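# A structural walkthrough
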Protein chains: 4
Amino acid sequence: MFGVKTLRTVGPAVCRRGASVLWKPTKTQSRPQSAAAGQRVDIGGIYPPIATPFTQKEDVDYHKLDENLQKYAKIPFKATKGTVVMTERMAGAGADLVLVVTPCFYKGKMDSRALVHHFTQVADSSPVPVVLYSVPANTGLDLPVDAVVRLAQHPNILGLKDSGGDITRIALIVHKTKPQDFQVLAGSAGFLMAAYSVGCVGGVCALANVLGREVCELEQLCMSGRWEEASALQRRLIEPNTAVTRKFGIPALKQAMEWFGYHGGTCRSPLQPLSEAESQQLRLDFSTNGWL
Amino acid sequence: MFGVKTLRTVGPAVCRRGASVLWKPTKTQSRPQSAAAGQRVDIGGIYPPIATPFTQKEDVDYHKLDENLQKYAKIPFKATKGTVVMTERMAGAGADLVLVVTPCFYKGKMDSRALVHHFTQVADSSPVPVVLYSVPANTGLDLPVDAVVRLAQHPNILGLKDSGGDITRIALIVHKTKPQDFQVLAGSAGFLMAAYSVGCVGGVCALANVLGREVCELEQLCMSGRWEEASALQRRLIEPNTAVTRKFGIPALKQAMEWFGYHGGTCRSPLQPLSEAESQQLRLDFSTNGWL
Amino acid sequence: MFGVKTLRTVGPAVCRRGASVLWKPTKTQSRPQSAAAGQRVDIGGIYPPIATPFTQKEDVDYHKLDENLQKYAKIPFKATKGTVVMTERMAGAGADLVLVVTPCFYKGKMDSRALVHHFTQVADSSPVPVVLYSVPANTGLDLPVDAVVRLAQHPNILGLKDSGGDITRIALIVHKTKPQDFQVLAGSAGFLMAAYSVGCVGGVCALANVLGREVCELEQLCMSGRWEEASALQRRLIEPNTAVTRKFGIPALKQAMEWFGYHGGTCRSPLQPLSEAESQQLRLDFSTNGWL
Amino acid sequence: MFGVKTLRTVGPAVCRRGASVLWKPTKTQSRPQSAAAGQRVDIGGIYPPIATPFTQKEDVDYHKLDENLQKYAKIPFKATKGTVVMTERMAGAGADLVLVVTPCFYKGKMDSRALVHHFTQVADSSPVPVVLYSVPANTGLDLPVDAVVRLAQHPNILGLKDSGGDITRIALIVHKTKPQDFQVLAGSAGFLMAAYSVGCVGGVCALANVLGREVCELEQLCMSGRWEEASALQRRLIEPNTAVTRKFGIPALKQAMEWFGYHGGTCRSPLQPLSEAESQQLRLDFSTNGWL
């Protein structure tokens, strides 16, 4: 009910760090194991929230999902082999992190007090580390800065995925959670460079399902301080990113995946397929930026 | 996932019409049975969305729920006996109507086309009639008027619960669905009289859990054209209603139920109990209007 | 700077009460004269916020304005002659009431305290009575209920024009200002009947520039308790009203005035003329409700 | 009526470039002179929107304003002397640029078409270059990206001040106006570094009235590619910046100016002075970041 979803997609596209750290077997440890083990779980890097292909009957098409994963693995990410192993392990063994979205139905009552209470309960009982997830475009609710600062002190909460894109807010969260070495991830490729510039450590980027190499290249440019080049690349990624997220959403993401050699397929209801005009505009958003 | 919830609370507080019409055994009919049977299912009247008492462990406290239902049945509603029977039947047999809230997570993509498609699918496959539910304060999404008008033509969709409170919109929906004899319910006691004045047939009112008699009295005044008295009563109900909904929410509803002799009890997480100051303000919202 | 505008349009379409009360020469009295004179200024009734015709050069076209006023005067309003006299007097002598909109540029700081201070200053120094004006669609700001309740106690503030259309809020304001005999006006014909039902005394209705007779008829039906007929008429007025306000705005109001025999003319920048498609939809909004 | 205000504050705090370019006497040229003269008017750098001190009677206190300007001139900005000369010239001769805010009262009708038409008219007739100004927190309206892109092609429109803080949007505007060498300014110090990182050329920062040196230092760090240091400084400026803008507004800006040796004084109505608790929180927002 509270939107717990697994970070099942962590592996395949991590481009910066070895998956071995990320995927250390943690299930058998006592909780909160990340703290108990005395080790920092590093969640930096680029994560594509992997699109799920469906069959005509709207069931998950595992065969096509596997083919996509093979392709993502062939991209020269740093952790190629490990991530494939991990991906396979995930299917059987469950996630190594959980990404927990803000509860939002009674959003009028979801103040800092209620949200701190909620995430504390979840983190207390979760066998794996928790990453907070704030996505106001979908939930109508921003996880307040003061709540994040409080929750960052919990030993089993190690980061935040922030999809709101308010860079002032994101920078302030980085600033105020410095003592906890809290890890903040940009929730979109649209503001990825700005996020790196203020101290974020990675991104969970829908666009990485389509332009995975390019998003990882942007990360590399930011990590190595080549801001001029980063800026030029970042700007060319904004329209494609907006097209597969806010503007046309998941149907566009899946359509674009097809153009770039992945299995995208159809969406499940209530999401609707793109109209012909939308599809053309989507193509334009890629082609005018030199990607098609 | 799409928030289908049963109108399990239909019975106990229907104050205007016999439950026999409402609760005709419909389960064995072929679907869509409401149309197939050639009969109009009348959903007019006042419905309290019955609060669920929980035990300390946050499980449903069926014993206390039953005691509340006995009390609601002692209020001189028109359909006292029948509704108790119906309520008991509900527990065993499932709901006779479903109230289906708008899907809302990908709210940016939930345009009229997607919503019409979604509700049509649900209504096509539902064994019992469907009531649409638009509650923008919780979902961040209004079911568009043109979508309602389209959906009103579906034989298995017989009404709408509108909790937004935009009376112009509600009146327009009544106006444009007249040919289908579509039944619109106010989703709150705060604008119940205005809703009746523009042609609504009832209300699903949280406040009816607390001031059930008074809400039914308001209905009677509206139904019999005694608008001056209705207006005076309506105005005294607004602050208590706002207090148990938008202002303090479900914790306040449960608190107020206790004051008026019902089992309210605590809320489940992530909802938080009222602070002392909030509880005092809640009491004031009832007492300054002469209810405590 | 703070959007003070005169209720210059009071006269022509008052349909319920004599203009003589409304238009008593007040300029020479000491302020606040409404209180000083010990008399209640009655602002009930229907007011069209009269559209201003412009010449090609975007100057006021007084000749056409006069012709419109002559036509409005020929409608069998109760106060025909008086209002024409008053209208002429207005041109020369200034307004008898001021309608003061909420300041809104620094809207983040416009809390109850600031707004009460502002309107108190204005009312203290105004030689004529003040009507508060809350229009969130334009200002992004609702005058809070508690501020209205405070301000209703000021002897030189006699009412509120509320264009937000939140009928629960409007009813609550009527309820909480009863001791002051505060007069609340609906700011739109879209919710005029609902507003009367909860105790409003009139309306300032853009639609009255086009369908003046019908809006006044709706008022009469409400005033005389013929709610069934009122409801039917109200519902037919919603689409035309929305079309000339929220949906297409002032350009549509002026276009529709032309269709109904008034001078509407063009708008001044930055407002743009209707496209052909918008114009056709506007016509449809009138014709499907039987007005064209 | 359309919120034209002069960039009268351009001079005193420009820290990067000589004022001589900025302040070239342009009044006698034919319009649009910036294009006609075939020269680029460079508006890069940091601008404090200089606070206006008032007397007790709420008149402008020119004496105190002058003292503030003398102090700003003593900060080692690059253009110290020139800007003082310019500032004095401004008083007598009028502005060299105009900053034109989006019209917003009929915001429902302010689509791209209307806004392009409006700004084109203004720019066509303005004797000095125009800078667009989008400030959704005050106007409830964002100047759409496509409108900015269109307007950037006008020879007398040379830039945009964007106070919305949506860094994705700002980067996209920079990207799509590259061919016109359009100059984008951050409208707040809260996202100044992120703005530089995506290609902005300066900022109009309320905080520069208080921490002028530090804001200019941030600019220098960004300009010289020292992003790590920039990031650390940027993060320490966010809370003070939010405190003097969105959180407590202009009264806080003026209060903080007093603490840092400038004349701030009181605000004019309807803005209200800070409460004691607000004043303490304001101080905390500076002190916890090491500024007090």
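About the cut-offs
Residues numbered from 1 in each chain as written. Chains lettered and ligands numbered in written order. Predicted model: local features only at pLDDT ≥ 70, side-chain atom pairs only at ≥ 80, totals over all residues. Heavy atoms only, no water. Core = buried A, V, L, I, M, F, W, Y, C linked by side-chain atoms within 4.5 Å. Buried < 20%, exposed > 50% of the residue type's maximum accessible area, 1.4 Å probe, protein only. Contact = heavy atoms within 4.5 Å. Least-squares fit on C-alpha atoms with pLDDT ≥ 70 in both. Helix = DSSP H or I, 4+ residues; strand = E, 2+ residues; numbered from the N terminus. Expected span 1.5 Å × (residues − 1). Arc of directions from axis to C-beta. Buried area = accessible area lost by both parts, 1.4 Å probe. Salt bridge = Lys/Arg side-chain N within 4 Å of Asp/Glu carboxyl O. Nonpolar A, V, L, I, M, F, W, Y, C, P; charged D, E, K, R; others polar. Polar contact = N/O pair within 3.5 Å; in protein donor to acceptor, adjacent residues only side chain to side chain. Pairing = 2+ DSSP bridges. Right-handed = clockwise from strand over helix to strand, strands pointing away. UniProt positions renumbered as here; feature names shortened; annotations may be inferred. Axes fitted to C-alpha atoms, helices over the stretch in contact; angles between N-to-C directions. Parallel < 35°, antiparallel > 145°, perpendicular 65-115°, else oblique. Left-handed = near helix turned anticlockwise from the far one by under 90°.

The next point concerns the nonpolar core. Leu132 and Phe286 of chain A together with Leu132 and Phe286 of chain D are the most contacted members of the largest nonpolar core, which has 142 residues in total. Ignoring sequence-local partners within four residues, the contact set of Leu132 of chain D consists of Leu99, Val100, Phe119, Leu143, Leu151, Ile157, Gly159, Leu160, Lys161 and Phe182 of chain D. Formed by 138 residues, the second largest nonpolar core is a distinct cluster that contains Leu282 of chain B together with Ala171, Ala194 and Cys205 of chain C.

So, about the relation of the copies chain A and chain B. Each copy superposes on the other: chain A lies on chain B with an RMSD of 0.0 Å after a rotation of 180 degrees and an axial shift of 0.0 Å. In symmetry terms, the pair is related by a two-fold rotation axis. Minimal C-alpha separation from the rotation axis in chain A is found for Gly140 of chain A, amounting to 3.1 Å. When you check the interface residues of chain A against chain B, 100% turn up at the interface there too, and the contact is symmetric in its surfaces.

Residues and elements named next belong to chain B. Tracing the backbone shows Leu274 in the loop between α12 (249-259) and α13 (276-287). Separated by 25 residues in sequence, Leu274 and Gly249 place their C-alpha atoms 9.4 Å apart. Ignoring anything within four residues of it in the chain, the contact list for Leu274 reads Phe248, Pro251, Ala252, Gln255, Ser279 and Leu282.

Residue and element names in this part refer to chain A. The end-to-end C-alpha separation of helix α13 (residues 276-287) is 16 Å, in line with the 16 Å expected for 12 residues at 1.5 Å each. Looking at α13, one finds that the buried residues are Ser279, Leu282, Asp285 and Phe286. For α13, the angular spread of the buried residues around the axis is 115 degrees, confining them to a single face. Exposed positions of α13 whose direction lies more than 90 degrees from the buried face are Glu276, Ala277 and Gln280.

Often the size quoted for an interface is simply the accessible area lost on bringing the parts together. Tallying the contact residues gives 29 residues for chain A and 30 residues for chain B. With both chains or domains summed, chain A and chain B bury close to 2500 Å², and 58% of this area falls on carbon and sulfur atoms. Remark: the boundary between chain A and chain B carries 0 salt bridges. When contributions to the side of chain A that touches chain B are tallied by element, the ones reaching two or more residues are α5 (112-125), α6 (136-139), α11 (227-247) and α12 (249-259) of chain A. Considering each element in turn, the side of chain A that touches chain B owes the most residues, 5 residues, to α5 of chain A. For the side of chain A that touches chain B, a count of residues per class yields 14 nonpolar, 9 polar and 6 charged.

Here the focus is the relation of the copies chain D and chain C. When chain D is fitted to chain C, the residual RMSD is 0.0 Å, and the transformation amounts to a turn of 180 degrees plus an axial shift of 0.0 Å. A high fraction, 97%, of the interface residues of chain D reappear at the interface in chain C, so the copies pair face to face through one surface.

Taken together, the 30 residues of chain D in the interface contact 29 residues of chain C. Buried surface at the junction of chain D and chain C, summed over both partners, amounts to about 2500 Å²; 58% is from carbon and sulfur atoms. Taken together, the connections running from chain D to chain C amount to 0 salt bridges. The tally of links from chain D across to chain C stands at 10 residue pairs in polar contact (both at pLDDT 80 or more). Broken down by secondary-structure element, the contributors of at least two residues to the side of chain D that touches chain C are α5 (112-125), α6 (136-139), α11 (227-247) and α12 (249-259) of chain D. With 5 residues, α5 of chain D is the single largest residue contributor to the side of chain D that touches chain C. Per-class residue counts for the side of chain D that touches chain C are 14 nonpolar, 10 polar and 6 charged.

Residue and element names in this part refer to chain D. In terms of burial, strand β4 (residues 130-134) is largely enclosed, as 5 of its 5 residues are buried. Neither face of β4 is exposed, since Val130, Leu132 and Ser134 on one face and Val131 and Tyr133 on the opposite face are all buried. Pairing of strand β3 (residues 98-101) with β4, which is carried by 4 bridges, proceeds in the parallel orientation. When the bridges of β4 are listed, Leu99 appears paired with Val131. Of the crossover connections in this fold, the one passing from β3 over α5 to the parallel β4 is right-handed.

What follows covers the UniProt feature "binding site: pyruvate" (unreviewed entry) in chain A. According to UniProt, the "binding site: pyruvate" (unreviewed entry) feature falls on Val204 of chain A. With respect to the helices and strands, the residue Val204 of chain A is situated in strand β7 (residues 202-204).

Moving on: the packing of helix α11 (residues 227-247) of chain B against helix α8 (residues 167-176) of chain C. Two elements in contact, α11 of chain B and α8 of chain C, have axes whose closest approach is 9 Å; the angle formed by their N-to-C orientations is 110 degrees. Relative to α8 of chain C, the element α11 of chain B lies roughly perpendicular. Considering how the two elements wind past one another, α11 of chain B and α8 of chain C form a crossing that is left-handed. For the pair α11 of chain B and α8 of chain C, the contacting residues are Arg235, Arg236, Ile238 and Glu239 of chain B in the first and Thr168, Ala171, Leu172, Val174, His175 and Lys176 of chain C in the second. In terms of residue class, the contact of α11 of chain B with α8 of chain C is made up of 4 nonpolar, 2 polar and 4 charged.

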